[in-house]
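Spelled out from the first residue to the last, the chains are:
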Amino acid sequence: MSGARNPADYGRVAVLLGGRSAERAVSLNSGAMVLEALQAAGVAAQAVDTAHDDAFGLLAGGGFARAFIALHGRGGEDGVIQGLLESIGLPYTGSGVLGSALAMDKLRSKQVWHAAGIPTPAWAMLRSAQDVATLRDSLHYPLIVKPSHEGSSIGISKVDSAAQLLPAWQAAAAFDSSVIAEQWISGAEYTTGVLDDMPLPLIRLETPHAFYDYAAKYQSDTTRYLIPCGLEEVREQEMQALALQAFRALGAYGWGRVDFMLDEEGRPWFIELNTVPGLTDHSLVPMAARASGIEFGALVLHILDSSFGRDRRMATEVQHAKA
Ligand SMILES: Nc1ncnc2c1ncn2[C@@H]1O[C@H](COP(=O)(O)OP(=O)(O)O)[C@@H](O)[C@H]1O
Ligand SMILES: [Mg+2]
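Residues numbered from 1 in each chain as written. Chains lettered and ligands numbered in written order. Predicted model: local features only at pLDDT ≥ 70, side-chain atom pairs only at ≥ 80, totals over all residues. Heavy atoms only, no water.

Student: So what's going on with the sheet that holds strand β4 (residues 123-126)? Which residues, and what values?
Tutor: Across the sheet, four strands lie side by side as β4-β7-β5-β6; this open sheet has antiparallel pairing. The sheet is open, and its two borders are formed by β4 and β6 (157-159), each paired with just one other strand. Across the sheet, the axes of successive neighbouring strands diverge by a mean angle of 30°, strand direction being ignored. With four bridges connecting them, β4 and strand β7 (residues 179-183) associate as antiparallel partners. Opposite Trp123, over in β7, you have Glu182 as the bridge partner. Along the sheet, helix α5 (residues 106-115) makes contact with β4, β5 (143-147) and β7, crossing β4 at roughly 150°. Contacts from helix α7 (residues 165-173) reach β4, β5, β6 and β7, with the element oriented near 25° to β5. (Pairing = 2+ DSSP bridges. Helix = DSSP H or I, 4+ residues; strand = E, 2+ residues; numbered from the N terminus. Axes fitted to C-alpha atoms, helices over the stretch in contact; angles between N-to-C directions. Contact = heavy atoms within 4.5 Å.)

And the structure:
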């Protein structure tokens, strides 16, 4: 648990931020907040922007004891940097290679959830303009069309009729060769932060926009965050348990955020898992942590603790393999 360690026990920490993904700007914000909080706690933390040419040499150079990953999107949240850190033997926060890669891929997340009995909206793959032409009259509208590998609602649009499908596919395909058309869920949106492999209180998101788009996430002051979320306690606990199952099904580890919706009949539908969700002071995991008495500075130390947990987990796996 946090608080049990001295700042010096963490050694020198590289806070990985920025990077080259479409979410670079958000990551710079998250990383700056993390860096400030770690330094305020007395931890020897230094920012490393992975978009800079010398970043990987710096990490491999041996001066760091662990890495705090504050990168969002491709290259940082998708297993790529996790693999590099494994290879150079530098412990890091959060999910490993597999969990990160699976969670970044919305199509494969849905396939695993579907197989594991975790409800996720029906979907179709749109690999080409030809797929759009073939499928457009047989799909059930409304739909939501999204690139498989982006975040921050980039390239996403709601599609109310067959006529809107091609422009929506084009908008998503600009970011990704893999595009999914998912059944639109009418209802309420919730998110479950996970910390120390345990669910935090749910947050209900409300926006006057058609969905929680980029503006609703980062620019608008009309988005409402309800915590407590308004569900009955027992229902909230059920949803937290299901969200934790969804987290584990994708092999995620330590901390993250699972997003789901409840339709008008109250049925849950899992949308996505973020393995490195936002860490600014108005982000969702910090909000949920605060509601359970964990302030931002403590939250960041809890997350940093997951870099020790990884060593323990790897040791357990080795023991299992020997048994
Ligand atoms: N099946 C769906 N039905 C209704 N709204 C959805 C659905 N999937 C996503 N959304 C809305 O779009 C937003 C962004 O979608 P999401 O899959 O989480 O992508 P991103 O990785 O960009 O956050 C969600 O927060 C939600 O508001
Ligand atoms: Mg999302």
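Student: Account for unusual backbone geometry, naming residues and giving values.
Tutor: Along the chain, Tyr141 connects to Pro142 via a cis peptide bond; the corresponding omega equals 0°. Examined against the element boundaries, Pro142 turns out to sit in the loop between α6 (129-135) and β5. Pro228 follows Ile227 through a cis peptide bond whose omega is 5°. Tracing the chain through its elements places Pro228 in the loop between β10 (224-226) and α9 (233-249). Positive phi, close to 50°, is recorded for Asp196, a residue that is not glycine. With a relative accessible area of 34%, Asp196 lands in the partly exposed category. (Buried < 20%, exposed > 50% of the residue type's maximum accessible area, 1.4 Å probe, protein only.)

Student: Now, about the site of ligand 1: what can you tell me, with residues and values included?
Tutor: The full set close to ligand 1 counts 20 residues, and Lys106, Lys146, Ser153, Glu182 and Glu189 are the nearest of them. Between ligand 1 and Glu189, the relevant distance is 2.4 Å, taken from an oxygen atom to a side-chain nitrogen or oxygen of the residue. Across the complex, the protein chains shield 98% of the 540 Å² of accessible surface that ligand 1 would expose by itself. Those elements giving two or more residues to the shell around ligand 1 turn out to be β5, β7 and β12 (268-274). Residue classes in the shell around ligand 1 are distributed as nine nonpolar, four polar and seven charged. (Near = heavy atom within 4 Å. Polar contact = N/O pair within 3.5 Å; in protein donor to acceptor, adjacent residues only side chain to side chain. Areas by Shrake-Rupley, 256 points an atom, 1.4 Å probe, with all protein chains shown as cover. Nonpolar A, V, L, I, M, F, W, Y, C, P; charged D, E, K, R; others polar.)

Student: Any details on the packing of aromatic side chains? Residues and values, ideally.
Tutor: Applying the stated criterion to the full structure yields five aromatic pairs. Each ring, one from Trp113 and one from Phe270, has its centre 6.0 Å from the other, and the planes form 65°; the classification is edge-to-face. Here the residue Trp113 occupies a position in helix α5, and Phe270 occupies one in strand β12, the gap between them amounting to 157 residues. Between the aromatic rings of Trp184 and Phe211, the centroid separation amounts to 6.4 Å while the plane-to-plane angle is 75°, which identifies the pairing as edge-to-face. Of this pair, Trp184 sits in the loop between β7 and β8 (187-195) while Phe211 is found in the loop between β9 (198-206) and α8 (214-218), placing the two residues 27 residues apart along the sequence. (Phe/Tyr/Trp six-rings, centres within 6.5 Å; stacked < 30°, edge-to-face > 60°.)

Student: Help me get a handle on the domain arrangement of the protein, residues and values and all.
Tutor: As assigned here, the protein comprises domain 1 (2-94), domain 2 (102-119 + 187-291) and domain 3 (123-183). The gap between the C-alpha centroids of domain 1 and domain 2 is 24 Å. Counting from both sides, the interface comprises 15 residues of domain 1 and, opposite them, 12 residues of domain 2. Sorting the residues of domain 1 by area buried against domain 2 places Met33, Glu77 and Gly94 first, and these three jointly supply 44% of that buried surface. (Domains from an automatic or database assignment. Buried area = accessible area lost by both parts, 1.4 Å probe.)

Student: Tell me about the pairing of β9, residues and numbers included.
Tutor: Pairing of β8 with β9, which is carried by six bridges, proceeds in the antiparallel orientation. Looking at β9, one finds that Thr192 is bridged to Leu202. Hairpin connection between β8 and β9: a loop of two residues separates the two successive antiparallel strands, and Asp196 in this loop has a positive phi of roughly 50°. Taken together, the three bridges between β9 and β10 define a ladder with antiparallel strand orientation. Its bridge partner lying in β10, Glu206 is registered against Arg224.

Student: Account for the pattern of salt bridges, naming residues and giving values.
Tutor: Summed over the entire model, instances satisfying the criterion amount to 16 salt bridges. Here Lys106 makes a salt bridge to Glu272, at a shortest N to O gap of 3.7 Å. Placement of the pair is Lys106 in helix α5 and Glu272 in strand β12, with a sequence separation of 166 residues. The partner of Arg235 in a salt bridge is Glu238, with the nearest N and O atoms 3.0 Å apart. Taken as a pair, Arg235 and Glu238 lie in helix α9 at a separation of three residues, close to a single helical turn. (Salt bridge = Lys/Arg side-chain N within 4 Å of Asp/Glu carboxyl O.)

Student: Which residues make up the sheet that holds strand β3 (residues 66-69), and what values do they have?
Tutor: With respect to topology, three strands assemble into an open sheet ordered β2-β1-β3, the strand pairing being parallel. This sheet does not close on itself; its edge strands, each paired only once, are β2 (45-49) and β3. Looking at each pair of strands side by side, their axes are set apart by 30° on average, direction ignored. Against the sheet, helix α1 (residues 24-40) contacts β1 (13-17), β2 and β3, and its axis sits at roughly 160° relative to β1. Packed on one face of the sheet, helix α3 (residues 80-88) meets β1 and β3 and runs near 175° to β3.

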